[in-house]
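# Observations on the model geometry
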Amino acid sequence: MIVWLNGAFGAGKTTAANELLELIPGSTLWNPALIGTGLKCMLPKERLAQVDDYQQLPSWRRLVADTAAALLTEVPGPLIVPMTLLRQEYRDEIFGALAARRIPVRHVLLHADETILRMRIDQSEDAEGRPDRGWCRGQLPAYRAALDWLTADAHTVETSGLTPRQTAEEVAGALREGAGSLEIVQTPEPTAETVAAGVLLFDEQDRVLLVDPTYKPGWEFPGGVVEPGEAPARAGVREVAEELGLELKTDPRLLVTDWEPPRPPGYGGIRLLFDGGCLAAAEAGRVLLPGAELRGWRFVTETEAAELLPPVRLERLRGALRARETGRPLYLEGGVPVGDQGGRDAA
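Note that the structure is predicted; figures quoted are calculated from it, not measured. (Residues numbered from 1 in each chain as written. Predicted model: local features only at pLDDT ≥ 70, side-chain atom pairs only at ≥ 80, totals over all residues. Heavy atoms only, no water.)

## Re the overall build of the protein chain
- The secondary structure content of the protein chain amounts to 13 helices and 13 strands.
- In terms of overall dimensions, the protein chain is globule-like: its C-alpha atoms have a radius of gyration of 23 Å, near the 20 Å expected for 347 residues.
- Reported as C-alpha extents along the three principal axes, the dimensions of the protein chain are approximately 65 × 45 × 40 Å.
- Taken across its 347 residues, the protein chain has 46% of its residues classed as buried.
- Pairs at least 24 residues apart make up 74% of the contacts formed inside the protein chain by residues separated by at least 6 positions. (Helix = DSSP H or I, 4+ residues; strand = E, 2+ residues; numbered from the N terminus. Rg over C-alpha atoms; globule rule 2.2 N^0.38 Å. Buried < 20%, exposed > 50% of the residue type's maximum accessible area, 1.4 Å probe, protein only. Contact = heavy atoms within 4.5 Å.)

And the structure:
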């Protein structure tokens with residue numbers, strides 16, 4: 001198990017984590033900042049110049065989950081992880097990867113008033129690997145902006161008037177009662193290329209429906225991996241029923257076949273997008289999401305989708321919208337149309 005102590009710099013995560021070691025038998029302290037320090041030594045300076053924070057490195061996020069899994073083969077657990085994590089898409093990526101390995105996470109937010117946080121930052125001692133005080137203060141606006149999703153996702157412990165020992169006792173007591181437990185779909189990581197089927201549903205304004213997964217970054221189309229022996233169109237229909245609680249009235253029409261190249265650690269494969277038709281307002285009102293898998297859904301324009309979808313999915317959507325307009329399916333590779341597919345209108 002992972003006990004993830006989240007919060008702003010100055011919330012008392014590290015001191016509380018050290019106290020927790022005495023209160024939770026078999027626990028081990030692990031700070032993922034060590035991975036960031038290692039990557040700074042290993043990656044070329046040109047790559048490091050492209051990011052402001054090591055958390056922006058995909059390799060850091062991947063190694064956090066991989067290292068946690070490896071450490072839990074050496075120690076009984078749980079791992080106590082004092083680490084600020086303010087971007088929800090990073091939370092989804094890391095916690096989703098842990099869930100895929102069947103490693104449960106307890107998410108605890110250590111919160112303090114901003115005046116207290118600033119005072120603690122100013123009084124903190126310089127230490128090797130610790131961010132400087134100015135940088136820590138500069139992260140407080142990001143913490144304020146993240147509070148809505150943090151308090152909805154994590155069990156909150158107010159630390160403003162607590163000593164580190166009292167904070168640890170509050171956390172330990174909450175953990176014993178099951179607080180901070182997260183229901184995240186345990187989607188196994190693929191071990192080879194996969195075939196996946198997505199379904200595009202539109203509203204009466206021709207906006208497309210997207211969903212927000214809890215187990216990976218970025219928004220997505222309703223859909224999922226085609227099971228062995230399953231027809232891809234049927235897989236899309238099944239996924240719409242499982243993810244949205246809706247039964248499609250007609251078989252979906254193919255819009256796009258996209259070959260996704262392997263990009264470590266992913267294996268890629270064939271990605272199909274189908275047209276599921278228009279979803280009337282009454283039908284949209286019956287959408288019921290599985291909480292362990294999806295946290296939200298919305299209809300968006302193509303412009304709005306560009307703010308939500310990762311680049312490869314955005315190009316796949318754009319291809320599907322063009323195919324829907326022309327009535328001709330498109331073949332893509334990595335989101336890019338390949339070959340002569342009926343002239344300029346289809347390209």
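So much for the structure itself; the text now carries on.
## Considering the packing of aromatic side chains
- Per the counting criterion, the structure on display carries three aromatic pairs.
- Judged by centre distance (5.6 Å) and plane angle (90 degrees), the rings of W297 and F299 are edge-to-face.
- For W297, a relative accessible area of 28% translates into the label partly exposed.
- Over the ring of W219 we find R298, and its NZ or CZ is 6.0 Å from the ring centre. (Phe/Tyr/Trp six-rings, centres within 6.5 Å; stacked < 30°, edge-to-face > 60°. Lys NZ or Arg CZ within 6 Å of the ring centre and 35° of its normal.)

## Focus: the domain arrangement of the protein chain
- One can read the domain layout of the protein chain as domain 1 (2–182) and domain 2 (194–337).
- Using C-alpha coordinates to define each centre, domain 1 is positioned 33 Å away from domain 2.
- For the pair domain 1 and domain 2, the summed buried surface comes to about 560 Å²; carbon and sulfur atoms form 49% of the total.
- The largest share of the area that domain 1 buries against domain 2 comes from R62, Q88 and D92, three residues that together contribute 56% of it.
- Note that D92 is salt-bridged to R295, the shortest N-O span being 2.8 Å.
- For the pair domain 1 and domain 2, the number of links is two residue pairs in polar contact (both at pLDDT 80 or more).
- Residue composition of the side of domain 1 that touches domain 2, by class: no nonpolar, two polar and five charged. (Domains from an automatic or database assignment. Buried area = accessible area lost by both parts, 1.4 Å probe. Salt bridge = Lys/Arg side-chain N within 4 Å of Asp/Glu carboxyl O. Polar contact = N/O pair within 3.5 Å; in protein donor to acceptor, adjacent residues only side chain to side chain. Nonpolar A, V, L, I, M, F, W, Y, C, P; charged D, E, K, R; others polar.)

## Here we look at the nonpolar core
- Core analysis: the biggest nonpolar cluster contains 29 residues, and L5, L20 and V171 have the highest contact counts within it.
- When residues of this core are traced back to their parent elements, those giving at least two are β1 (2–6), α1 (13–23), β4 (105–111), α6 (114–123), α8 (140–153) and α9 (164–176).
- In terms of residue count, the dominant contributor to this core is α8 (five residues).
- Core analysis: the second largest hydrophobic core is formed by 28 residues, F95, I103, I184 and Y215 among them. (Core = buried A, V, L, I, M, F, W, Y, C linked by side-chain atoms within 4.5 Å.)

## Examining helix α2 (residues 33–42)
- All buried positions along α2 are accounted for by A33, I35, G36 and L39. For α2, the angular spread of buried residues about the axis comes to 150 degrees, placing them on one side. Counted as exposed and oriented over 90 degrees from the buried face of α2: L34, C41 and M42.
- Looking at the packing, one finds that the buried side of α2 touches α3 (45–48) and α4 (58–71). (Arc of directions from axis to C-beta.)

## What about the pattern of salt bridges?
- Counted under the stated rule, the structure contains 31 salt bridges.
- Across the pair R238 and E227 runs a salt bridge, and its minimum N-O distance is 3.9 Å. Within this pair, whereas R238 is found in helix α10 (residues 232–244), its partner E227 is found in the loop between β8 (223–225) and α10, the two being separated by 11 residues in sequence.
- Judged by relative accessible area, which is 18%, R238 ranks as buried.
- Here D275 and R253 are joined by a salt bridge, their closest N and O atoms 3.5 Å apart. Taken together, the residues span a long stretch of sequence, with D275 in strand β10 (residues 269–278) and R253 in strand β9 (residues 253–260) at a distance of 22 residues.
- We classify D275 as buried; its relative accessible area is 12%.
- Linked through salt bridges whose partners overlap, the residues forming this network are R91, D92, D153, D212 and R295.

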